[in-house]
Amino acid sequence: MNQAVVITGAATGLGRATALKLAGEGYRLVLVDFNEEAGKQTAEDAKVLGAEAIFVRADVSNEEDVKKYVEEAVTAFGTIDAFLNNAGIMVPFRLLHEYDAEEYNRIMNINVKGAFLGIKYVIPVMLENGGGTIVNTVSSNSFKPTAYNGVYAATKHALAGLTKSIGQDGLSG
Amino acid sequence: MDYQDKGIYAVGVAPNNMKTTISKNASVTMNQEIGAAIHATTPPNIAATAEEVAEAMAFAMKNGKLLTGSIINCAGGQILQ
């Protein structure tokens, strides 16, 4: 049985490109995005390449939506072997004091809380089914922040830290 | 319980369009205009396509056990670190 992979942010960009690459290799795909039209198109294109693929519309920062895409993945394919935690947003460069709090919350909610929620609900499925791999899309801004990009850089530092922490559980004994 | 013992691994992939960050070495006072110009033109500027980053994503996914806890920094189809 081919591995089942969940990809968030699958409608466009890196998520779509990765979905189509894996589709060509025979993976079973659960494609998640807020953009329903483009997400469905990615699923259709994956099927043309020979993959089994479903699309689930979700706001990754909404806990109920996250539960839904995890449940739909398990319903469709029985497990989640890999989780590509890719959804994220960026905003135009500006000085930090020019961000308003609402915009800050939106970026944080999608880039950090969304990634956290995905991991939170995928891990129990992996634990039940013998393990799996989580790939988080971070950024060069996780190492070397660009100027005028403070909030985005903060989110990507957070996600890199989360990745390093959970990825090393067990190494330190 | 730890995740590795349960076969769960986590890897980060960092798409990067520049090998170096020249702003750390620039002998000028940074302002928004200079920052934008550096971002746009700093050599070597290797624009990673989505397909190239997808290669790194797939690599990370297939090698989770080996790479767990790591961040793969990639640009233009190359893994930089």
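Residues numbered from 1 in each chain as written. Chains lettered and ligands numbered in written order. Predicted model: local features only at pLDDT ≥ 70, side-chain atom pairs only at ≥ 80, totals over all residues.

Considerations on the nonpolar core
Logical step 1: By size, the foremost hydrophobic cluster in this structure holds 68 residues, and its most contacted members are Val6, Leu29, Leu31 and Val122 of chain A together with Val13 and Met57 of chain B.
Logical step 2: Once you skip the residues sitting within four places of it in the chain, Val6 of chain A turns out to touch Val30, Val32, Tyr69, Ala73, Ile80, Phe83, Leu84 and Val122 of chain A. (Core = buried A, V, L, I, M, F, W, Y, C linked by C-beta atoms within 7 Å. Buried ≥ 20, exposed ≤ 12 C-beta atoms within 10 Å, placed from the backbone. Contact = placed C-beta atoms within 7 Å.)

Here's the deal with the interface of chain A and chain B
Logical step 1: Tallying the contact residues gives 38 residues for chain A and 37 residues for chain B.
Logical step 2: If you list the elements that add at least two residues to the side of chain A that touches chain B, you get α1 (13–24), β4 (82–85), α4 (101–128), β5 (132–137) and α5 (150–168) of chain A.
Logical step 3: The class makeup of the residues in the side of chain A that touches chain B is 18 nonpolar, 16 polar and 4 charged.
Logical step 4: Relative to strand β1 (residues 8–15) of chain B, β5 of chain A runs parallel, the two sharing 6 bridges. In the strand pairing of β1 of chain B, Val135 of chain A is matched with Val11 of chain B. (Helix = DSSP H or I, 4+ residues; strand = E, 2+ residues; numbered from the N terminus. Nonpolar A, V, L, I, M, F, W, Y, C, P; charged D, E, K, R; others polar. Pairing = 2+ DSSP bridges.)

Details of the packing of helix α3 (residues 63–77) of chain A against α4 of chain A
Residue and element names in this part refer to chain A.
Logical step 1: Where α3 contacts α4, the axes come no closer than 9 Å and their chain directions differ by 30°. When the interaxial angle is binned, α3 and α4 end up roughly parallel. At the point where α3 passes α4, the crossing takes the right-handed sense. Along its contact with α3, which presents Glu63, Val66, Lys67, Val70 and Val74, the element α4 presents Leu117, Gly118, Tyr121, Val122 and Val125.
Logical step 2: Of the residues in the contact of α3 with α4, the class split is 7 nonpolar, 1 polar and 2 charged. (Axes fitted to C-alpha atoms, helices over the stretch in contact; angles between N-to-C directions. Parallel < 35°, antiparallel > 145°, perpendicular 65-115°, else oblique. Left-handed = near helix turned anticlockwise from the far one by under 90°.)

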